[in-house]
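# Inside the fold
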Amino acid sequence: MIEINNISKRIDGQEILNDISFGVNDSEIMVLLGSSGCGKTTLLKIIAGLLKQDAGDVVINGKVINDLPPQKRNVGFVFQDYALFPHKNIFENIAFGLKIKKIHENEIKKRVYEIMEILEITHLKDKKIPQLSGGQKQRVALARALVINPDVLLLDEPLSALDPILREKLREELKTILKNLGVTGIYVTHDLTEAMLLGDNVAVMNKGEIQQIGKPDEIFYHPKNEFVANFVGVKNILKGNIKELKEDVATIEVVNEDLKSPFTIKVKKYPIFERKRNVSLCIHPEDITLNRTKKDENAIKGKIINIIPNGSVLKVVVDIGGLEVYATTTRHLLKYGINDDVWVSFSRDAPHPMCGKKCRSPDQEALCKCKVSKNPIEEIGC
Ligand SMILES: Nc1ncnc2c1ncn2[C@@H]1O[C@H](COP(=O)(O)OP(=O)(O)OP(=O)(O)O)[C@@H](O)[C@H]1O
Ligand SMILES: [Mg+2]
């Protein structure tokens, strides 16, 4: 178990980390998700002992390790650029951490071969680093960090240098390897898919601060604020006032600033809802459908103003009376073009309150029937 308690750090007078706290249980992975420059690598360096914090504690298995030098922390580190030794061969690169610890040569050989076997790189053992592909280097870096049997493994965007196909393959392999070995780790990434797949918990960071920590589903479906919502791909945020509450449905008047005139929607009732209170709701673009005629009870008239190809899907931007909403669809399913009039529709279940975990807080548990799915794509609701 690793605990990060109230870590702060300034560099050259600039605040880089501000009061960061979280814990990672044994055999779990915490993903740090955040944009470039938000302080992710700085935090990992502090945990590894490569940089000293100004305030706060790093606690591993109950011991404060603030004053231990890096080699005594038993922390494995896979660096952003791998930082392998170019003149050593693969075996020597992996054996490095064990040699420093003055482990007996036979034991080193046994452990290096074991880990090379797990990562399927034994055949590369005599090669030098420049002779390897990106994916092979990534495996060597992982082997070098794992061979010391670390209490905590730190992975700093380990897949970011790879092409998308290899990246997809390796992230699934990595998940299997980390789970099979029962690794306790902190995994840094910008990539939402990686975060959802690999994280037992995810911490979303912005400008040196944690915005939200939660299970991947909580972050995805119940982002706490606009920053987290944007990070998990939800640009559709409806700001409204709760007008009426019935047993299982709430009527909400949507009053976003950009809207020329408000409109009313019906939303599944969440335990946190109270009449006359304001609420921000987010709707994932894949939960929005576009129709020629008014179909759903939640249907708002709009005009398509842009269609943006985005990998395997199309992002359709629709103006609904001054407010832009985003829908995703496939090329095959899109029947409309720019300037077409459409009805933007969504079901009662689609809007989720931006409540962080509040709708599932212990005192609300009895009221709330949130179903948390393991598959982030599957719908959840209250
Ligand atoms: N040695 C340093 N001297 C001055 N500023 C630094 C130093 N190291 C980091 N910083 C600054 O601290 C901030 C956080 O840097 P850090 O490398 O931790 O970001 P990051 O979240 O890992 O970004 P990326 O995703 O691009 O790797 C940045 O603004 C960076 O410029
Ligand atoms: Mg970094």
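Residues numbered from 1 in each chain as written. Chains lettered and ligands numbered in written order. Predicted model: local features only at pLDDT ≥ 70, side-chain atom pairs only at ≥ 80, totals over all residues. Heavy atoms only, no water.

Turning to the domain arrangement of the chain, a few remarks are in order. A common way to express how large an interface is: the accessible area buried when the components associate. Entries for the chain in the domain assignment read domain 1 (2-226) and domain 2 (234-364). Summarising the inter-unit geometry, the C-alpha centres of domain 1 and domain 2 are found 38 Å apart. (Domains from an automatic or database assignment.)

This brings us to the environment of Ile118. Along the polypeptide, Ile118 turns up in helix 3 (residues 105-118). Distance in space between the C-alpha atoms of Ile118 and Arg139 is 10.0 Å, their sequence separation being 21 residues. Leave out the neighbours within four places in its chain, and Ile118 touches Ile177 and Leu181. (Helix = DSSP H or I, 4+ residues; strand = E, 2+ residues; numbered from the N terminus. Contact = heavy atoms within 4.5 Å.)

Attention now moves to the site of ligand 1. If you check the shell around ligand 1, you find 14 residues, and the closest are Ser36, Gly37, Thr41, Thr42 and Gln80. In this structure, an oxygen atom belonging to ligand 1 sits 2.8 Å away from a side-chain N or O atom of Gln80. Taking His190, its side chain carries an N or O atom lying 3.1 Å from an oxygen atom of ligand 1. Relative to its free-state accessible area of 640 Å², ligand 1 is covered by the protein chains to the extent of 62%. Among the residues forming the shell around ligand 1, the class breakdown is 3 nonpolar, 8 polar and 3 charged. (Near = heavy atom within 4 Å. Polar contact = N/O pair within 3.5 Å; in protein donor to acceptor, adjacent residues only side chain to side chain. Areas by Shrake-Rupley, 256 points an atom, 1.4 Å probe, with all protein chains shown as cover. Nonpolar A, V, L, I, M, F, W, Y, C, P; charged D, E, K, R; others polar.)

With that settled, consider the packing of aromatic side chains. Both the distance between ring centres and the angle between the ring planes are used here to describe each pair of aromatic rings. Under the criterion given, the structure shown has 6 aromatic pairs. Ring geometry for Phe91 and Tyr113: centres 5.9 Å apart, planes at 55 degrees, overall tilted. Linking Phe91 in helix 2 (residues 90-100) with Tyr113 in helix 3, this pair joins segments that are 22 residues apart in sequence. The class for Phe91 is buried, based on a relative accessible area of 17%. Assessed through its relative accessible area of 28%, Tyr113 is described here as partly exposed. Between Tyr270 and Phe273 the ring centres are 5.7 Å apart and the planes differ by 55 degrees, which places this aromatic pair in the tilted class. Neither residue differs from the other here; Tyr270 and Phe273 are each classed as buried. Between Lys88 and the ring centre of Phe85, over which it is positioned, the NZ or CZ distance is 5.8 Å. Between Arg144 and the ring centre of Phe85, over which it is positioned, the NZ or CZ distance is 5.2 Å. (Phe/Tyr/Trp six-rings, centres within 6.5 Å; stacked < 30°, edge-to-face > 60°. Buried < 20%, exposed > 50% of the residue type's maximum accessible area, 1.4 Å probe, protein only. Lys NZ or Arg CZ within 6 Å of the ring centre and 35° of its normal.)

What follows covers the coordination of the magnesium ion (ligand 2). Protein coordination at the magnesium ion (ligand 2): the donors are Thr41 (OG1) and Gln80 (OE1), at 1.9 to 2.7 Å from the metal. Here Thr41, found in helix 1 (residues 40-48), pairs with Gln80, found in the loop between strand 6 (75-78) and helix 2; they are 39 residues apart in sequence, far enough to count as distant. Take Gln80: its relative accessible area is 35%, and that puts it in the partly exposed class. (Donors = N, O, S within 2.8 Å, 3.2 Å for Na, K, Ca; no water.)

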